[in-house]
Amino acid sequence: MTDVRRALPSVGAVLDSPEIIALLSEFPRSIVVDAVREAIESARSSGGAEIDWADAVRRNIARLSRPSLRPVINATGIILHTNLGRAPLAGAAIEAITAIARGFSNLEYELGGGKRGSRHSHCVSLLTRLTGAEDAMVVNNGAAALVLALNTIARKREVLVSRGELVEIGGSFRIPDIMERSGARLVEVGTTNRTHADDYRRAITKKTAAMVKIHRSNFAVAGFVSEVGVPDLAFIASEHAIPVIHDLGSGLLIPLDAYGLTGEPTVREAMAAKPTIAIMSGDKLLGGPQAGIIIGEAKTLAKLRANPLARALRVDKLTLAALEATLAIYLDEARAVKEIPALAMIAATTDVLRKRAELIMRDAGPRAEIVESEASVGAGAFPTKMLPSIAVALMGKAKALDARFRSGKIPVVGRIADDKLLLDLRSVQEQDDADLAAAIIDALL
Ligand SMILES: *Cc1c(COP(=O)(O)O)cnc(C)c1O
């Protein structure tokens, strides 16, 4: 061991070799130096087998200079996967981002009057047209929308919420914790399984500032259950002149019954129940960029816009560009189902998925086969509805294969079921099929 260590070159010696000097003209010096240091370090810990230093250093450089945030292929079968970045954007949204990103824009400038404008003016007309709401505003994400609404409406006062709606939305973030940070005090009403109109009525005091309805995004309750709908909440609230906030979670702009997704209201239907305001995410079922969309009464939204927190939670120009382009697609529902990737994935038939699987499998050999599978929407929409799907199942040690797919040139994230690695095609974009086919061949080598 001591001999091997003595035989290892110094960092300086490796850096002085002609091959490494050549790398210095291509890559930043600090990266090359770190790559050399790590190559020597791993040679030391691996006992000092014969080493091609240039090759080892090149591999380390590739790893060290790779971006942290990278594209992956989502083969989990969960279309809107929060850990994988939720909704992929439509082509028109990507073009809009590029157009705005490359130069200046009228983000806060009124071109007509030639004076300062408001970033809150963008997306408003599309959102009101698509939802039937009187007014709209956009902030950084759904959680920010909730904080802004409660901080504006209910700071240092009380907010009524059903015990059956105190949900955790993933990443161990809990809606009640987020709500409390707004400065509002939560008053829980009813029980986990049943909440009645009288529970809300009895809880109303002089300190009550709002009633909140929260969509049970990621679970369902069944059995001896009851809840109070927004129409009844709005009626009770109107008797006491307090606002109703409906946190819709996902934000479904068009009905998806044709694809077996029933039981959740569209945003327009939710607005017909007359909440004062409603809140939804931009990057869940809506299929746009990360954003929090608040729609409803103009008088209330004016107060939200005037809250200093609105500045802290504001949305950036790239998001507004992508959201506006995404919303514009919804003006034509048939176009929306084709062009918004999340909706297109939901709408794809299993016949189409099977044909794609056959093409993907063509050169994969006998260790891959086509199987039927079940996919889901994800990101807090239709938690109990499964979408029939098609997957490529791979023979072999599932965990080891899974790791290989994740460490490939374009990482592929699949799902392990019954000790098999499944690559579910419903959440894979067709444009990624060739890369997926190549990844399968690489992983099975
Ligand atoms: C997802 C969700 C949120 C949070 O929205 P983000 O855009 O992720 O911040 C809030 N409420 C409900 C009901 C949700 O489903």
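Residues numbered from 1 in each chain as written. Predicted model: local features only at pLDDT ≥ 70, side-chain atom pairs only at ≥ 80, totals over all residues. Heavy atoms only, no water.

1. Observations concerning the overall build of the protein
When you go through the protein residue by residue, the secondary structure sums to 20 helices and 16 strands. Seen through its C-alpha atoms, the protein measures out along the principal axes to roughly 85 × 50 × 45 Å. Here the protein, with 445 residues, has 47% of them falling under the buried criterion. The contacts of the protein with a sequence gap of at least 6 include a subset with a gap of at least 24, amounting to 73%. Carbon and sulfur atoms make up 52% of the accessible area of the protein, which amounts to about 22200 Å² in all. Counting 55 positive and 52 negative side-chain charges, the protein places the averaged centre of each group 6 Å from the other. (Helix = DSSP H or I, 4+ residues; strand = E, 2+ residues; numbered from the N terminus. Buried < 20%, exposed > 50% of the residue type's maximum accessible area, 1.4 Å probe, protein only. Contact = heavy atoms within 4.5 Å. Areas by Shrake-Rupley, 256 points an atom, 1.4 Å probe, with all protein chains shown as cover. Lys, Arg positive; Asp, Glu negative; His and termini not counted. Charge placed at Lys NZ, Arg CZ, Asp CG, Glu CD.)

2. Some points on the sheet that holds strand 16 (residues 420-424)
Spatially, 5 strands are ordered 2-12-13-16-15 in an open sheet, and the strand pairing comes out mixed. Each having just a single partner strand, strand 2 (78-80) and strand 15 (415-417) make up the two edges of the open sheet. The sheet shows a mean angle of 45° between the axes of neighbouring strands, taken without regard to direction. As paired strands, strand 13 (residues 387-394) and strand 16 are joined by 4 bridges and run antiparallel to one another. (Pairing = 2+ DSSP bridges. Axes fitted to C-alpha atoms, helices over the stretch in contact; angles between N-to-C directions.)

3. Some words on the sheet that holds strand 6 (residues 158-162)
Read across the sheet, 7 strands follow the order 5-11-10-9-8-6-7 without closing on themselves; strand pairing throughout is mixed. A single partner strand is all that each edge strand has here, and the edge strands are strand 5 (135-139) and strand 7 (185-189). Strand-to-strand twist of the sheet, defined as the mean angle between neighbouring strand axes without regard to direction, takes the value 25°. Pairing analysis gives 4 bridges linking strand 9 (residues 244-249) to strand 10 (residues 277-281), with the strands arranged parallel. Bridge pairing in strand 10 places Asp247 opposite Ile279. Sheet strands in contact with helix 7 (residues 124-131) are strand 5 and strand 11 (292-296), and its direction is about 120° off that of strand 5.

4. Concerning helix 4 (residues 29-45)
With 17 residues, helix 4 extends 24 Å from end C-alpha to end C-alpha; this agrees with the ideal 24 Å at 1.5 Å per step. By the burial criterion, the buried members of helix 4 are Val32, Val33, Ala35, Val36, Ala39, Ile40 and Ala43. Seen along its axis, helix 4 keeps its buried residues to an arc of 160°; they face one direction. The exposed set on the far side of helix 4, more than 90 degrees from its buried face, consists of Ser30 and Ser45. Residues of helix 4 that are buried make contact with helix 2 (11-15), helix 3 (18-24) and helix 5 (53-64). Downstream of helix 4 by one or two residues, Gly47 has phi in the positive range, about 90°. (Expected span 1.5 Å × (residues − 1). Arc of directions from axis to C-beta.)

5. Let's talk about the domain arrangement of the protein
Under the domain assignment, the protein is made up of domain 1 (4-65), domain 2 (73-83 + 342-444) and domain 3 (90-336). Measuring from the centre of the C-alpha atoms in domain 2 to the corresponding centre in domain 3 gives 32 Å. Counting from both sides, the interface comprises 14 residues of domain 2 and, opposite them, 21 residues of domain 3. Buried area between domain 2 and domain 3, both sides added, is near 1400 Å², and the carbon and sulfur share of it is 75%. Taken as a group, Leu343, Gly380 and Phe382 account for 41% of the area that domain 2 buries against domain 3, more than any other trio of residues on that side. Taken together, domain 2 and domain 3 are joined by 0 salt bridges. There are 2 residue pairs in polar contact (both at pLDDT 80 or more) connecting domain 2 and domain 3. The greatest single-element share of the side of domain 2 that touches domain 3, amounting to 4 residues, is contributed by helix 17 (residues 341-347). (Domains from an automatic or database assignment. Buried area = accessible area lost by both parts, 1.4 Å probe. Salt bridge = Lys/Arg side-chain N within 4 Å of Asp/Glu carboxyl O. Polar contact = N/O pair within 3.5 Å; in protein donor to acceptor, adjacent residues only side chain to side chain.)

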